[in-house]
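Each chain, written out:
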Amino acid sequence: MAGNDWINSYLEAILDVDTGINDNNNKSSSLLLRERGRFSPAQYFVEEVITGFNETDLHRSWVRASSIRNSEERNTRLENMCWRIWTLARKKKQIEVEESQRRTKRRLERENAHREATADMSEDLSEGEKGDTVGDISVRGDSVRGRMPRVSSIDMMANLASPHADKKLYIVLVSLHGLIRGENMELGRDSDTGGQVKYVVELARALGSTPGVYRVDLLTRQVLAPDVDWTYGEPTEMLNPLNPENHFNEIGESGGAYIVRIPFGPKDKYLSKEVLWPHIPEFVDGALAHILQMSKVLGKQIGSEKPLWPIAIHGHYADAGNSAALLSGVLNVPMVFTGHSLGRDKLEQLLNQGRQSREEINSTYKIMRRIEAEEITLDVSEVIITSTRQEIEEQWRLYDGFDPVLERKLRARIKRNVSCHGRFMPRMVVIPPGMEFRNIVSQDGDIDGEIEGNEDSYGAHDPPIWSEIMRFFTNPRKPMILALARPDPKKNLITLVKAFGECRQLRELANLTLIMGNRDAIDDMSSTNSSVLLSILKLIDKYDLYGQVAYPKHHKQSDVPDIYRLAAKTKGVFINPAYIEPFGLTLIEAAARGLPIVATKNGGPVDIHRVLDNGVLVDPHDHQSIADALLKLVSEKQLWCRCRDHGLNNIHLFSWPEHCKTYLARVTSCKQRQPKWQRSETANADSESDSPGGSLRDIHDLSLSLKISLDGEKNEGIGSLVLKGQEMATDSNTNQMMKSAPLKLSANESMEKQENSRLPSLRTRKFIVVIAVDSDSIADILDITKIIFEVVKTDNKDTTASSQHSIGFILSTSWSMSEINCVLEKAGLKSSYFDAFICNSGSEIYYPSSNSSESQYIMDSDYHPHIDYRWGGESLRNTLVRWANSINDKKKEPVITELDSGSSHCYEFRVRDPSLIPPFKELRRLMRIQALRCHAIYCKNGERINVIPILASRAQALRYLYVRWGMELSKVVVFMGESGDSDYEGLLGGLHTSVILKGLSIGAASKIHDNRSYPLEHVIPTDNTKSVECDKCDRDGIKATLGKLGLLKS
């Protein structure tokens, strides 16, 4: 812990007597840890170290031990406590050594990766790179201080000359955890309902009031739990605009800002963010349905024939970022991300404390799943919004997917239209959070005179929260030092109370008010929060601060402005002493009410102070520095007035209109990606599908005008390919024979769009059966497929034509289309039995052709452009080949061999022995370090590696079919094994039903998941009602399972 290095020295002093303690003279040696005259090392150590480390449980043990009257027993217990703390310190040192080795390894990997990236980008752009900085932000320095007039939010919004005023923009915000509502937010109720909740609600409200923005949706979780208010279960809540007088005349029927609550996870439980991960796919499916429906509605309202697609999907925090990445990929629209706090930074802090190992931290906080989600946001995001430069330079640089130096190089090359060789970095921009100043009362004038002049009526019309606070004080007219934070160790309130208690002058001049959330009983609080509060109460008692410190149990969100106003009236000071503050929104709120600030020098307050110049920055570990800063501000009236004026004069730079103006400039500058196809909505969605010709395989749309042939030749300009089946044996040479017949363009096949083409029947299917069983043998996969198909077709008692065609089939696999085609008929299956084929781990989609005379397939030619975002192409392939060669050189034998997948969006490698290659997380990390964005999927029991675009996967391909063809995800039944390829987890959750075939894909397939960065259990729903197990993989077992699901009629 910074500032407590003496603790380690003291521990080493104890270690010096280790030998003596363990010898035969144990009794005399142990006196070194007992009393020497008036000084007790054990007592001194426990008393000081416990406070420094904030080990509340040890502190309680110390209190109990010190109360024992028997001196021998008391000292023995204190000695045992010393050794307990020594053990903790040893554990901390061990963790530090392990982390140091891990960081060294990571640094070497990054250096090697950077050398390779630099070698690829050989052109010298040093001058351009030197002139670029990370995360542009308009300079808000000394030149604006004291000279720019205050502007209210309403005036600024009305006069904002927005270049987007004539546009109709649809923006989607996503924030999953916590309790979110527009009014009376329960901030501080728990660790998940804090500043982020307030931020996203106010951002949605402000954007909805910005000219040019037609609608803003804030998507969150619907909570119907009995222990929370009923308002959190309302599906939709409209947010009141900033300027209601003029706003309703300008918006359309569905315009404005809304909170939209999507049901996912257990309906009757309020879940913490750590246990939301397994339910994210279900949220994505539900959110996708809402966005599609709303896009159509908004398109009609603005008079467009096309849907009004979101201009961006903005995720807040890691869980929402992961969700936004999936939504962005399936809708093909830009993604924006705000981290609020980052997992790697939290992991570093927890490891530095030395109380928990990496494994223990991961078990408690699911921290590695969170970090992986944040890495995914780096892969997918166009723009990442931060509150401060510190967040970029000290927090984001901890991630594999971001490096400030490489980012500057890539940005310089983009500006000069020079190739980046398939490498991509998100744009980091600093946009401080905004604030609404509409209800703020200016505190100009002589505040003391105001109080004295109204002494008779003082308190008559005061807000109730004032009396609730002032009842604690012996002299309520003294300046108030105000802190507003949860009782969390990282908020450092204990040090603040200690600083106040140890400074006699400060106690004489000021009162201290601690607004620490809401509580009913200390015993009902979380263990962490209750321990902090108890420590504060003990310090109040230790320093006899009764009558000088207020700590009310309850306050409403609407009381917070009044609390700031009370502090300003008393010429008080606001303090944020957190160890690290990502931004510090409360500092802006305090400054807007005329309060000078004292804040931590770590994090966002540095940038806020640079703009406002209205206070002092301090070292949060130095309680004396905190006391000196507070004393200086409350004792020097001129300094207090100068800080107040600076804050009030410059606070408009943090207004919501200013934030939205910069926000929209960044978001609208993103390259807009929207689905290419235009689906006909006028066709009869309820049209009958009485024959196989009515399925998706009969669509003759220009967007599906690519056919594929095994023996055709390329013909430029022809958009049609035919894949013709070839008889191939399924012996040990099958793979080689398959690879000898790659997919080629046909020279003589062409297709015109047919006028009488019909909508795909996937929309009207009663059920869609997806076979997603993974194996190293395609024959085994097709055997299971055949059993499922025969059960559905022959064991269904409903023999009507409509029933026979009410169930569709999709094969989802890591195998290529040519490999599937070569053995399909050998297995007794026809291509016409299927509605679609998802191949190459989700990088390609094919549909059977209506031509039954030949085995023909149509490739979805719009799918490749849909997943092409950040695909590295040939540069990625070259890097993968170098990686494979480096593995082969180390093993001195060909372990990895490149194969020809026949696809431009899938690079395939054969692995001779999966145990000889690094786990898939290492390959994924290597690609990220080099800014190559892709999915590296270990498949076929680890014997193949498929590298596909970052937006592609088998799970995303199913969502694509929903977006494009209207295939209802709730009607989908996915058959899968007990384990599978490394993308297995993506198929486990969602609105679809999963059927787990017991006994399949275990053994070699499960070994793929042994070296994951996080356990598979962290992402598998434990109480998933949409998952069914099939104990027997034979005809009877599958029949019984399908019967339970209602697919078969008995």
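The structure under discussion appears in the preceding block.
Residues numbered from 1 in each chain as written. Predicted model: local features only at pLDDT ≥ 70, side-chain atom pairs only at ≥ 80, totals over all residues. Heavy atoms only, no water.

Pairing in this open sheet of four strands is antiparallel, and the strands run S21-S22-S24-S23 from one edge to the other. With partners counted over all chains shown, the strands left at the sheet margins are strand S21 (896–899) and strand S23 (934–939), one partner each. When the angles between neighbouring strand axes are averaged without regard to direction, this sheet yields 25 degrees. Judged from the four bridges that link them, strand S22 (residues 907–911) and strand S24 (residues 944–949) form a sheet pairing that is antiparallel. Across the sheet, residue Phe909 finds its bridge partner in S24, namely Ile945. Contacts from helix H35 (residues 920–929) reach S23 and S24 within the one sheet, and its direction differs from that of S23 by about 160 degrees. (Pairing = 2+ DSSP bridges. Helix = DSSP H or I, 4+ residues; strand = E, 2+ residues; numbered from the N terminus. Axes fitted to C-alpha atoms, helices over the stretch in contact; angles between N-to-C directions. Contact = heavy atoms within 4.5 Å.)

This part takes up the nonpolar core. Among soluble globular proteins, nonpolar side chains are generally buried collectively. Formed by 100 residues in total, the largest nonpolar core has its most connected members in Phe283, Ile313, Leu331, Trp396, Leu961 and Met967. Element by element, the count of residues in this core is highest for helix H11 (residues 280–301), at nine residues. The next biggest cluster of nonpolar side chains, apart from the first, holds 73 residues, and it includes Ile469, Ile540, Ala550 and Ile588. (Core = buried A, V, L, I, M, F, W, Y, C linked by side-chain atoms within 4.5 Å. Buried < 20%, exposed > 50% of the residue type's maximum accessible area, 1.4 Å probe, protein only.)

What follows deals with the state of the cysteines. Under the counting rule described, the total for this entry stands at zero disulfides. Lacking any disulfide linkage, Cys641 is separated from the closest cysteine sulfur, that of Cys643, by 9.5 Å. (Disulfide = S-S within 2.5 Å.)

This part is about the packing of helix H13 (residues 343–353) against helix H15 (residues 367–380). Two elements in contact, H13 and H15, have axes whose closest approach is 8 Å; the angle formed by their N-to-C orientations is 145 degrees. Residues Gly343, Arg344, Lys346 and Leu347 of H13 touch H15, and the partners they reach there are Ile367, Met368, Arg370, Ile371, Glu374 and Glu375. Taken together, the residues of the contact of H13 with H15 sort by class into four nonpolar, one polar and five charged. (Nonpolar A, V, L, I, M, F, W, Y, C, P; charged D, E, K, R; others polar.)

Another point: unusual backbone geometry. Trans peptide bonds make up the majority, and among non-glycine residues the majority have a negative phi. Positive phi outside glycine occurs at Ala931, with the angle close to 65 degrees. Structurally, Ala931 is set in the loop between H35 and S23. Of note, the phi angle at Lys940 is positive, near 55 degrees, even though the residue is not glycine. Following the sequence through the fold, Lys940 ends up in the loop between S23 and S24.

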